[in-house]
Amino acid sequence: MHPLLQVNNIRKMYGARIGCTDVSFDLFPGEVMGIVGESGSGKSTLLNCLAGHLDTDGGEVIFDTRDRGPVDTLTMSEPERRMLGRTDWAFVHQHARDGLRMSVSAGGNIGERLMAVGGRHYGDIRASAVDWLDRVEIEENRVDDRPSAFSGGMQQRLQIARNLVTGPRLVFMDEPTGGLDVSVQARLLDLLRGLVREMGLSAIIVTHDLAVVRLLADRLMVMKSGHVVETGLTDQVLDDPQHAYTQLLVSSVLQV
Amino acid sequence: MLPSHAPMIDIRDVSKSFTLHNQGSATIPVMQGATLAVGPGECVGLVGASGAGKSTLMRLIYGNYLAASGQILIGGLDVVRAEPRQILELRRKTLGYVSQFLRVVPRVSTLDVVAEPLLAVDTPLDLARDRAASLLAELNIPERLWSLSPTTFSGGEQQRVNIARGFAYDYPAMLLDEPTASLDARNRATVLGLIGAAKARGAAIIGIFHDEAARDQVCDRFIDVSAFAPRAAA
């Protein structure tokens, strides 16, 4: 099996300050990797570099494309990268409003992504939108409502539907359950887990919530001050952390 | 392919220590020279006083703990050196673990919690749910509870759900951590029956049983883990 994504020595500087540096890993099809660390550890910077939202100061992000095989997405042409972002890649933002168009209906938010990859038949697009609303547990009669009329949890589910409707192979998620009520988080986690398994998705999830990664991620990368300090199988890193920082992180979680 | 005479679980000279970086970097050796092998159809009981390292050895075998040295071969894969995705594949297809605690995603129904290991190896949903239902019935979990999440169940019910989940898929190798603790006589007999059936189909099993009668009924031999205690530094 070939890796879906090969990340080699990614480096991002903010002036003299390190955003992230020396980050390398392979992600295989169907694998879910969690990136954890406290605020300012560089985890979001890394995610945005990988997804092409931030320019890097070195390194490679090689994606196994459907038509051309492994290609470095950092040196891809802009239209090519944008196409990737609409087809095989998806990005779920922490704040749903960053990933949705708030002035367009729920159905339109999902349909828009289909039209961007050539969907033209209105009936098919609408049927697809309704189907996806159902999969993320939003009732069909809300299809014409704008997301601004939705609760935070619903907005997040709509954002996930909008992202997954084109059948991406790699999903980037930035704190996907952050800012939601605990009960809503559980529902979203369950939903994400089901979709990841059914669709065989690979995903990279940035979060500071260790309970979230234990349930969602196969493997873990722990970051501190822009460096990766520890990697491994999720439950091994959480049950038998090797690095001082990971030990501190794990022992700081409140038990419920 | 593994030669047919090879042990399913083959542990060689494994050692383990914990380094507590935030407590003066104290290094605590907890295991040294752990060696044992379990063949298909065999059940080995781990014995030794509380704190002797029985659960530690189980976690090393399952890959939750990182061994400092040695080899832990399960179906030919060395867990000590394997990549995370190889260990996950091993856990899906080869190595099952019935721990003492149920850890599940909230909101998922009991039926699907039990069916999940089957779905993970691409069993069709209806077949997986049928198997889950028959195990839950066998373990006397009332059918009206199947559609609910087990997170709200009593300790005894959660334990039985955990056992049903652990036996849903026919793993060639299994780790059982106190599978009969706190069960009533009827459920205890059911669990011992499940263990017997797993042995009969050729599973290699390592178990921790505080219940001596249960231990004697299913175990073919015993390993005293006190023998793997680290020797004091000279």
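Predicted model, so just to flag it, every value in this text is computed and none were measured.

Colleague: For this particular structure, what's the right way to read the pairing of strand S7 (residues 173-177) of chain B?
Modeller: For a regular strand, the rule is simple: side chains alternate between the two faces of the sheet. Residues and elements named next belong to chain B. Of all 5 residues making up S7, 5 are buried, and the element is well covered by its neighbours. Of the two faces of S7, the one lined by Ala173, Leu175 and Asp177 and the one lined by Met174 and Leu176 are each fully buried. Here strand S6 (residues 95-98) runs beside S7; their pairing, made up of 4 bridges, is parallel. Each residue of the ladder has a partner; that of Gly96, found in S7, is Met174. Judged from the 5 bridges that link them, S7 and strand S8 (residues 204-208) form a sheet pairing that is parallel. Within the sheet, the bridge partner assigned to Asp177 lies in S8 and is Ile208. Regarding topology, helix H6 (residues 185-200) serves as the crossover connection from S7 to the parallel S8, and that connection is right-handed.

Colleague: Honestly, the packing of helix H4 (residues 106-116) of chain A against helix H5 (residues 122-135) of chain A in this entry has me stumped. Any pointers?
Modeller: Pairs of packed helices are described in terms of their axes, by the angle between the two and the distance that separates them. Residues and elements named next belong to chain A. Packing of H4 against H5 brings their axes to within 9 Å, and their N-to-C directions diverge by 120°. Between H4 and H5, the angle is such that the two are oblique. Judged by the sense of rotation from one axis to the other, the crossing of H4 with H5 is right-handed. When H4 is examined against H5, the residues Ala106, Gly107, Ile110, Gly111, Leu114 and Met115 are found in contact with a partner set consisting of Ile125, Ser128, Ala129, Trp132 and Leu133.

Colleague: How should the packing of aromatic side chains be read in this particular structure?
Modeller: Describing an aromatic ring pair means giving the distance of the ring centres and the angle of the ring planes. A full pass over the atoms with the stated rule returns 6 aromatic pairs over all chains. Ring geometry for Tyr169 of chain B and Tyr171 of chain B: centres 4.8 Å apart, planes at 80°, overall edge-to-face. Tyr171 of chain B shares its class with Tyr169 of chain B; the two are buried. Put simply, the rings of Phe63, Trp89, Phe91 and Phe172 of chain A touch in pairs and so form one group of aromatic residues.

Colleague: Just to check I follow, could you spell out the domain arrangement of chain A for this structure?
Modeller: Accessible area lost upon the coming together of the parts is a frequently used measure of interface size. Residue and element names in this part refer to chain A. In terms of domains, chain A is made up of domain 1 (1-88 + 169-256) and domain 2 (97-167). Relative placement of domain 1 and domain 2: their C-alpha centres are 25 Å apart. Each partner contributes to the interface: domain 1 provides 19 residues, whereas domain 2 provides 15 residues. Summed over both sides, the interface between domain 1 and domain 2 buries roughly 1,400 Å², with carbon and sulfur atoms accounting for 63% of that surface. Considering only the surface of domain 1 that becomes buried against domain 2, Arg86, Arg187 and Leu191 emerge as the three largest contributors, covering 35% of it. For the pair domain 1 and domain 2, the interface holds 1 salt bridge. Residue Glu198 pairs with Arg135 through a salt bridge whose shortest N-O separation is 3.2 Å. In this structure, the connection of domain 1 to domain 2 is made through 6 residue pairs in polar contact (both at pLDDT 80 or more). Mapped by element, the contributors of at least two residues to the side of domain 1 that touches domain 2 are helix H2 (78-86) and helix H7 (182-199). With 8 residues, H7 is the largest single contributor of residues to the side of domain 1 that touches domain 2. Here the residues of the side of domain 1 that touches domain 2 are counted per class, giving 11 nonpolar, 2 polar and 6 charged.

Conventions adopted
Residues numbered from 1 in each chain as written. Chains lettered and ligands numbered in written order. Predicted model: local features only at pLDDT ≥ 70, side-chain atom pairs only at ≥ 80, totals over all residues. Heavy atoms only, no water. Buried < 20%, exposed > 50% of the residue type's maximum accessible area, 1.4 Å probe, protein only. Helix = DSSP H or I, 4+ residues; strand = E, 2+ residues; numbered from the N terminus. Pairing = 2+ DSSP bridges. Right-handed = clockwise from strand over helix to strand, strands pointing away. Axes fitted to C-alpha atoms, helices over the stretch in contact; angles between N-to-C directions. Parallel < 35°, antiparallel > 145°, perpendicular 65-115°, else oblique. Left-handed = near helix turned anticlockwise from the far one by under 90°. Contact = heavy atoms within 4.5 Å. Phe/Tyr/Trp six-rings, centres within 6.5 Å; stacked < 30°, edge-to-face > 60°. Domains from an automatic or database assignment. Buried area = accessible area lost by both parts, 1.4 Å probe. Salt bridge = Lys/Arg side-chain N within 4 Å of Asp/Glu carboxyl O. Polar contact = N/O pair within 3.5 Å; in protein donor to acceptor, adjacent residues only side chain to side chain. Nonpolar A, V, L, I, M, F, W, Y, C, P; charged D, E, K, R; others polar.

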